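Structural features, examined
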Amino acid sequence: MNKVSAIIAAKNEGPRIGAVLDVLVKHPLVEEVIVMCNGCTDDTVSVARSYNVRVYEDSRSIGKTMAVKRGLSLTKNDIILLIDADLRDLTSEDLINLIMPVLTDQVDCTISLWKNSTFIYKLLSIDHISGGRTIKKGLLKDDEIWSKSHLSYSLEVLMNRSLLSRKKTFVSVRTDMH
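Small disclaimer: the values here were computed from a predicted structure and weren't measured.

1. Description of the nonpolar core
Grouped together as the largest cluster of nonpolar side chains are 33 residues, with contacts concentrated most on Ile8, Leu24, Val33, Val35, Leu81 and Ile83. Of all the elements in the fold, those that place two or more residues in this core are strand E1 (4–10), helix H1 (14–24), strand E2 (30–38), helix H2 (44–49), strand E4 (79–82) and helix H4 (92–103). Counting 20 residues, the second largest nonpolar core, distinct from the first, contains Ile7, Ile62, Leu140 and Leu155.

The structure is reproduced here in structure tokens:
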């Protein structure tokens with residue numbers, strides 16, 4: 001069975017990233033974890049390096065979109081798990097639910113929907129901008145995904161737009177992580 005490459009774009013997440021890495025590095029479906037430290041001024045780099053993961057440090061802040069793009073170029077697998085560094089309550093089961101539909105070729109992408117998403121996000125149908133998702137690497141070759149790196153949440157929004165415009169299949173996965 002194929003395995004998964006996980007990318008975490010992190011900026012000043014030292015107090016939180018360890019909980020995410022605890023789950024990722026032990027997970028049997030995740031073969032490699034790449035942490036892209038993006039202009040960190042706290043202990044994020046040292047916390048990440050204390051795990052068996054690949055850590056890349058950029059001394060200046062290049063933004064989440066560009067950090068993920070750089071991380072993507074370093075991955076060795078065709079299935080990519082994008083996961084936020086500041087998640088709470090991430091479980092092995094959450095990862096299975098996010099990874100398996102893509103790994104078994106049922107869909108092209110999964111997107112984590114937090115069970116505790118705010119009412120307004122649900123009402124506006126924008127709770128699909130979660131950073132937790134699994135996607136086939138080839139789908140990330142769309143240049144438009146990377147075109148607005150200066151905007152907050154542009155990566156997730158443009159990924160969704162790319163999937164919809166190309167009529168790719170995706171499924172939302174309810175998770176306890178937030």
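2. Thoughts on the side chain of Thr110
Here Thr110 is to be found in strand E5 (residues 109–114). Engagement of the side chain of Thr110 in a polar contact is seen with the backbone oxygen of Leu98, the distance being 2.5 Å. Not counting residues within four places of it along the chain, the set of residues in contact with Thr110 comprises Asn97, Leu98, Pro101, Val102, Gly132, Arg133, Thr134, Val171 and Val173.

3. A short note on the environment of Ser147
Within the fold, Ser147 resides in the loop between strand E6 (133–136) and helix H6 (154–165). Here Ser147 falls in the partly exposed class, since its relative accessible area comes to 41%. Note: C-alpha distance between Ser147 and Leu158 (11 residues apart in sequence) is 8.6 Å. A polar contact of 2.7 Å, which involves the side chain of Ser147, links it to the backbone oxygen of Glu144.

The rules we used
Residues numbered from 1 in each chain as written. Predicted model: local features only at pLDDT ≥ 70, side-chain atom pairs only at ≥ 80, totals over all residues. Heavy atoms only, no water. Core = buried A, V, L, I, M, F, W, Y, C linked by side-chain atoms within 4.5 Å. Buried < 20%, exposed > 50% of the residue type's maximum accessible area, 1.4 Å probe, protein only. Helix = DSSP H or I, 4+ residues; strand = E, 2+ residues; numbered from the N terminus. Polar contact = N/O pair within 3.5 Å; in protein donor to acceptor, adjacent residues only side chain to side chain. Contact = heavy atoms within 4.5 Å.

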